[in-house]
Amino acid sequence: MSVKMSYVENVKLALQSIVGNKLRTFLTALIIAIGMMALIGVLTSIDAMKNSLTDSFSSMGSNSFNIRNRGINVQIGTGGTRSKVFANITYAQASRFRQNFHFNAITSISANVTWNSTVKFQSKKTNPNIGLIGTDENYLQTSGYVVSEGRNFSVRDVETGGAVIIIGSEVSKMLFSEIIDPIGQYITVNNIRYQVIGVLKSKGPLQVWGR
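The structure contained in this document is the topic of the report that follows. (Residues numbered from 1 in each chain as written. Predicted model: local features only at pLDDT ≥ 70, side-chain atom pairs only at ≥ 80, totals over all residues. Heavy atoms only, no water.)

## Some details on the overall build of the protein
Alright, step 1. Looking only at helices and strands, the protein has six helices and eleven strands in total.
Alright, step 2. Relative to its full complement of 211 residues, the protein shows a buried share of 24%.
Alright, step 3. Contacts in the protein between residues far apart in sequence, at least 24 positions, make up 57% of those at least 6 positions apart.
Alright, step 4. Of the accessible surface of the protein, which amounts to about 15400 Å², a share of 57% is contributed by carbon and sulfur atoms. (Helix = DSSP H or I, 4+ residues; strand = E, 2+ residues; numbered from the N terminus. Buried < 20%, exposed > 50% of the residue type's maximum accessible area, 1.4 Å probe, protein only. Contact = heavy atoms within 4.5 Å. Areas by Shrake-Rupley, 256 points an atom, 1.4 Å probe, with all protein chains shown as cover.)

## Let's talk about the pairing of strand S8 (residues 164-167)
Alright, step 1. Residue alternation in S8 divides its side chains into two sets, Val-164 and Ile-166 and Ile-165 and Ile-167, and both sets are buried.
Alright, step 2. Of the strand pairs in this sheet, S8 and strand S10 (residues 192-200) are connected by four bridges, and their pairing is parallel. Opposite Ile-167, over in S10, you have Val-199 as the bridge partner. (Pairing = 2+ DSSP bridges.)

## Quick word on the packing of aromatic side chains
Alright, step 1. A full pass over the atoms with the stated rule returns three aromatic pairs.
Alright, step 2. Plain terms: the ring middles of Phe-97 and Phe-101 are 5.4 Å apart, the flat faces sit at 35 degrees to each other, and that makes the pair tilted.
Alright, step 3. Overall, Phe-97 belongs to the partly exposed group, its relative accessible area being 42%.
Alright, step 4. On the basis of an interplanar angle of 55 degrees and a centroid distance of 5.0 Å, the ring pair of Phe-101 and Phe-103 is categorised as tilted.
Alright, step 5. We classify Phe-101 as partly exposed; its relative accessible area is 22%.
Alright, step 6. Phe-103 sits in the exposed class, given a relative accessible area of 61%. (Phe/Tyr/Trp six-rings, centres within 6.5 Å; stacked < 30°, edge-to-face > 60°.)

## Details of a nonpolar patch on the surface
Alright, step 1. Among the surface-exposed residues, Leu-23, Phe-26, Leu-27, Leu-30 and Ile-34 lie close enough to one another that they form a single nonpolar patch of about 500 Å² accessible area.
Alright, step 2. By the secondary structure assignment, Leu-23 is in helix H2 (residues 22-60).
Alright, step 3. Given a relative accessible area of 61%, Leu-23 falls into the exposed group. (Patch = residues over 30% accessible without salt bridge, like charges linked within 9 Å, V, L, I, M, F, W, Y side chains within 5 Å. Salt bridge = Lys/Arg side-chain N within 4 Å of Asp/Glu carboxyl O.)

## A word on the pattern of salt bridges
Alright, step 1. Evaluated as defined, the whole model comprises four salt bridges.
Alright, step 2. A salt bridge links Asp-157 to Arg-151, with the shortest nitrogen-to-oxygen separation between them at 2.8 Å.
Alright, step 3. We classify Asp-157 as buried; its relative accessible area is 10%.
Alright, step 4. Relative accessible area serves as the criterion here: at 37%, Arg-151 is assigned to the partly exposed category.
Alright, step 5. Among the charged side chains, a salt-bridge network with shared partners connects Arg-98, Asp-136 and Glu-137.

## Comments concerning the nonpolar core
One broad rule of soluble globular proteins: the nonpolar side chains tend to lie buried together.
Alright, step 1. Val-119, Ile-165, Ile-167, Leu-175, Ile-187 and Val-189 are the most contacted members of the largest nonpolar core, which has 14 residues in total.
Alright, step 2. Sorting the residues of this core by element identifies strand S4 (119-121), strand S6 (130-134), S8, helix H6 (169-175), strand S9 (186-189) and S10 as the ones contributing at least two each.
Alright, step 3. Looking at this core element by element, the count peaks at three residues for S10.
Alright, step 4. Apart from residues no more than four positions distant in its own chain, Ile-187 is found in contact with Val-119, Lys-120, Phe-121, Ile-165, Ile-167, Leu-175, Phe-176, Ile-192, Arg-193, Tyr-194 and Val-196. (Core = buried A, V, L, I, M, F, W, Y, C linked by side-chain atoms within 4.5 Å.)

## Observations concerning unusual backbone geometry
Alright, step 1. Here the phi dihedral of Gln-122 falls at roughly 55 degrees; this positive angle occurs in a residue that is not glycine.
Alright, step 2. Note that Gln-122 resides in the loop between S4 and strand S5 (124-125).
Alright, step 3. With a relative accessible area of 69%, Gln-122 lands in the exposed category.
Alright, step 4. We note that Asn-190 has phi near 50 degrees; this positive angle belongs to a residue other than glycine.

Treat this as a map of the structure, not an account of what it does.
Okay, here's the thing in structure tokens:
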């Protein structure tokens, strides 16, 4: 014969059980509390790591990262430090990595040539503080740059090593007047002649990109 108990009676019975088994109740509550704290801690850590990685990648470009050799300071004796010199990444190594990178992503190879170039057009020239970067057809996309005039490098430009160049908007303003279209003009960068095929939207310091 089943007896139907009211809600109040169920609550009273539960309270009596808790009072009669204080140690078991305490241990059960402690286990539940520890489990919830651990779960919240794990979720918080995951969110923190995700935000940290997102911020790091955002500083280099939207959802992108760079691979390069760089020096690391190591302790020498008790006083000074020096930079550990790593071997340069060769073009063959970078190309091999690009071929073996079988993921749904865009890869690009670039090299910082110099940061003190002088760019000339006819009688006009810039100060010797222009950055020159050797790139391929994917560099602008992976680095967040946009071509405002002209075009980007093509695969043919890269394969043939054509003397073509994309300049920044500030360089364009310094060298070309409003009545001269920079696209198709020939400029000299460190005594090397290039044809301008594109001008970038304004972003950051003065730079030129060449092949």
